[in-house]
Every structure is written in C-alpha cells, then in structure tokens.
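# Remarks on the overall topology
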Amino acid sequence: MRNRAMPGFGLSLGITLAWLGGIVLLPLAALAWKAGSMGPTAWWAQIGTRRVLHALQLSFGGALAAAAIDVLLGLLLAWVLVRYRFPFRRLCDALVDLPFALPTAVAGIALTALYAPNGWIGSLLQPLGIQVAYTRIGVLLAMVFVGLPFVVRTLQPVLESLEHEVEEAARTLGATRWQSFRRVLLPMLMPTLLTGFALALARAVGEYGSVIYISGNLPMRTEIVPLLIVQKIDTGGDTGPAAVLGAVMLAASLLVLLTVSLLQRWNRRWTEVG
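Description of the structure in this document. (Residues numbered from 1 in each chain as written. Predicted model: local features only at pLDDT ≥ 70, side-chain atom pairs only at ≥ 80, totals over all residues. Heavy atoms only, no water.)

### Side note on the pattern of salt bridges
One pass over the full model with this rule turns up four salt bridges. For aspartate 93, the salt bridge is made with arginine 153, and the minimal N-O distance between the two is 3.0 Å. Separated by 60 residues along the polypeptide, aspartate 93 in helix α4 (residues 89–95) and arginine 153 in helix α8 (residues 136–161) bring together distant segments of the chain. Aspartate 93 sits in the partly exposed class, given a relative accessible area of 23%. On the basis of relative accessibility, which here comes to 23%, the residue arginine 153 falls in the partly exposed class. Between glutamate 207 and arginine 203 there is a salt bridge, with the nearest N and O atoms lying 2.3 Å from each other. With a relative accessible area of 2%, glutamate 207 lands in the buried category. One salt-bridge network, held together by shared partners, links Asp93, Asp97 and Arg153. (Salt bridge = Lys/Arg side-chain N within 4 Å of Asp/Glu carboxyl O. Helix = DSSP H or I, 4+ residues; strand = E, 2+ residues; numbered from the N terminus. Buried < 20%, exposed > 50% of the residue type's maximum accessible area, 1.4 Å probe, protein only.)

The structure is reproduced here in structure tokens:
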C-alpha cells in the first residue's frame, strides 16, 4: 500500500472542495445567475447612470490609490519594525493589527471624530482650507487605514528571511544604500509587494463600514458602490438591481486581481532570468 504524506487525503480534499464550493463558488454563481437574468436593458439602467458611474470611479480609483499608498507606507513600516530596535517596538508591532480587530464601523466613527471640521485634527486643518471628512480624501484615508496591515504582515516574514550578507556584498562593491536597495533588495521584494498590493486593493474595494461614516455619502461625490447596493436592497426589496452592481464589482475585482497575478508571474520570471 502506498504511503501518503497526509492520512485520508482523498476525504480531506473532498471536504475542502465541498466547503469551497458551498461558501465561495455557490454564492458567486448565484450572484452571476441573478444578474444575468436581468437582461441588457436592466443592466444599462443600473450601471449607466451618472450616480453609479461616479460611485464606481470612487470605489475602484480610491482603492487603487489606497493600495499604492499602503505599499509605500507598509514597506517603510515593515522595514523599521524588522531592521531596527527601539523602545515600544513590540507595542508598535501589535498596533499594526488594530484594523484587523477593530470593527469597521468603529474605525469609521473614530476617523470621523478625528478629521471632522470640529475634530482634533480636522480643526487644525480647517484654517488651512483642508477638509478631510465628508470628502474623497476621507474615503481614501479610510481605505488606507483598513488595507495597511495586509501589506505590513505580508512583507515582514520576507524581510526577516533576507540575508544581510547580500546587502553587505553590494556595499563592498561600491553600491550606495539606495543602489543596494533598488537593485538588490527591491527585485526580491517585488512579488511580495504585489501580493500586499492585491490584498490591500481587495480589502479597500469591498470596504463599507469605515467609509460610509467619514464620506458623508454625498451623491455623485463621496458615495461608494457597496452603499448603493445596500440602498437598492433596502428601498426596492428586489435583489436584481443590487446583483447587477455586485456582478460589475465582482468582474472588475477579478480583472484587477488577475492583472496583479500576471504581473507577479512576469516579475518572477524576469528575476530568475536576470
């Protein structure tokens, strides 16, 4: 009898596929079926309005910008936490996970209380003519807040596993710190950065609780697509229009994640060839 690394692999695989199909594939298939049954006229009636187009632009444009900011901030934060030792480092490292544990509604209320015109930070920005709450800047801030931990936690294990001898070899060959980072470390970190970008992007696109409080939900200005989906379900009672918007978001999200996956594969091949 052939030995297997995992006892009962066939049964384990069957249970895994059953749960995956029931929890992930079946709801997505139901969403696609419901949206497909609406017809082209109903589709255009739902997604062709200025209000929905503005919401789609804000949801995906804001998510892309937030994910890019998260990559920069996450790389800097992970680098400091891994490479330096300073007082309260463990506390700072624990605070990175706060957006994971904090309910999104609580995060939205906290951000609004800070950045509202009468808030602690908002009152200081108001004389400068800068308003964060109830603007697109507030939406971007909330998306950055919820996506940053994904980048940091993705990068930390990779940074810890990098050998310092690689940097020292580059320095002995005459490379500056910036050159050793750009030409030696960054190519090795690029697949992980793309993974963190994809995770932060997916989190920001689907964010609801923290955004609706700080955005103010102003039509054609600070509305996001998840809010429109909830409104269509609450007001009309028919899930068809909401399913159409959900299918559009699903298709766009899959396209973005597929693009990131292809970039990861291309970067890995380019690194191996180089």
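After presenting the structure, the write-up continues.
### Some words on the environment of glycine 246
As for its placement among the helices and strands, glycine 246 is situated in helix α13 (residues 239–273). Residues glycine 246 and leucine 31, spaced 215 residues apart in sequence, show a C-alpha to C-alpha distance of 7.5 Å. Not counting residues up to four positions away in its chain, the partners in contact with glycine 246 are Leu31 and Ile229. (Contact = heavy atoms within 4.5 Å.)

### Some remarks on helix α10 (residues 177–205)
If you check α10, its first and last C-alpha atoms are just 36 Å apart, much less than what 29 residues at 1.5 Å a residue would give, namely 42 Å. Where α10 bends most, at leucine 186, the angle is about 55 degrees, and the proline proline 187 comes one to four residues later. (Expected span 1.5 Å × (residues − 1). Bend = angle between axes of the 7 residues up to and from the residue.)

### Quick notes on the side chain of serine 210
One can find serine 210 in helix α11 (residues 209–215). In terms of polar contacts, serine 210 uses its side chain to reach the side chain of glutamate 207, at 2.6 Å. (Polar contact = N/O pair within 3.5 Å; in protein donor to acceptor, adjacent residues only side chain to side chain.)

### Brief notes about the packing of helix α6 (residues 104–115) against α8
Between α6 and α8, whose axes approach to 11 Å, the crossing angle comes to 130 degrees. Comparing the axis directions of α6 and α8 gives the class oblique. Seen along the crossing, α6 lies across α8 with a hand that is right-handed. Only Leu141, Ala142 and Phe145 of α8 make contact with α6, whose side of the interface consists of Ala107, Leu111 and Tyr115. (Axes fitted to C-alpha atoms, helices over the stretch in contact; angles between N-to-C directions. Parallel < 35°, antiparallel > 145°, perpendicular 65-115°, else oblique. Left-handed = near helix turned anticlockwise from the far one by under 90°.)

### Thoughts on the nonpolar core
Within the largest apolar cluster, 54 residues are counted, with the highest numbers of intra-cluster contacts made by Met143, Leu155, Leu159, Leu189 and Val225. Counting only elements with at least two residues in this core, the list comes to α3 (50–83), α6, α8, α10, α11, α12 (225–236) and α13. Ranked by residue count, the leading element in this core is α3, at 14 residues. Not counting residues up to four positions away in its chain, the partners in contact with leucine 159 are Ala78, Trp79, Val82, Arg83 and Leu189. (Core = buried A, V, L, I, M, F, W, Y, C linked by side-chain atoms within 4.5 Å.)

### Describing the layout of surface pockets
Using a probe with the size of a water molecule, rolled over the atoms, empty space left in the structure can be pinpointed. A volume near 340 Å³ is recorded for the largest pocket. Elements represented by at least two residues in the lining of the largest pocket include exactly α3, α9 (164–172) and α10. For the lining of the largest pocket, the element with the most residues is α10, which contributes five residues. For the lining of the largest pocket, a count of residues per class yields five nonpolar, two polar and five charged. The computed volume of the second largest pocket comes to approximately 150 Å³. Along its surface, the second largest pocket is lined by Phe60, Leu201, Ala202, Val205, Gly206, Pro226, Met249, Ser253, Val256 and Leu257. Listing elements by their share of the lining of the second largest pocket, those giving two or more residues are α10 and α13. Counting residues per element, the lining of the second largest pocket draws most heavily on α13, at four residues. Taken together, the residues that form the lining of the second largest pocket break down as eight nonpolar, two polar and no charged. (1 Å grid on protein atoms, 1.4 Å probe; cavity = no way out; pocket = protein on both sides within 12 Å on 5 of 7 lines; lining within 4 Å. Points joined across faces, edges and corners; volume = space filled by probe spheres on them. Nonpolar A, V, L, I, M, F, W, Y, C, P; charged D, E, K, R; others polar.)

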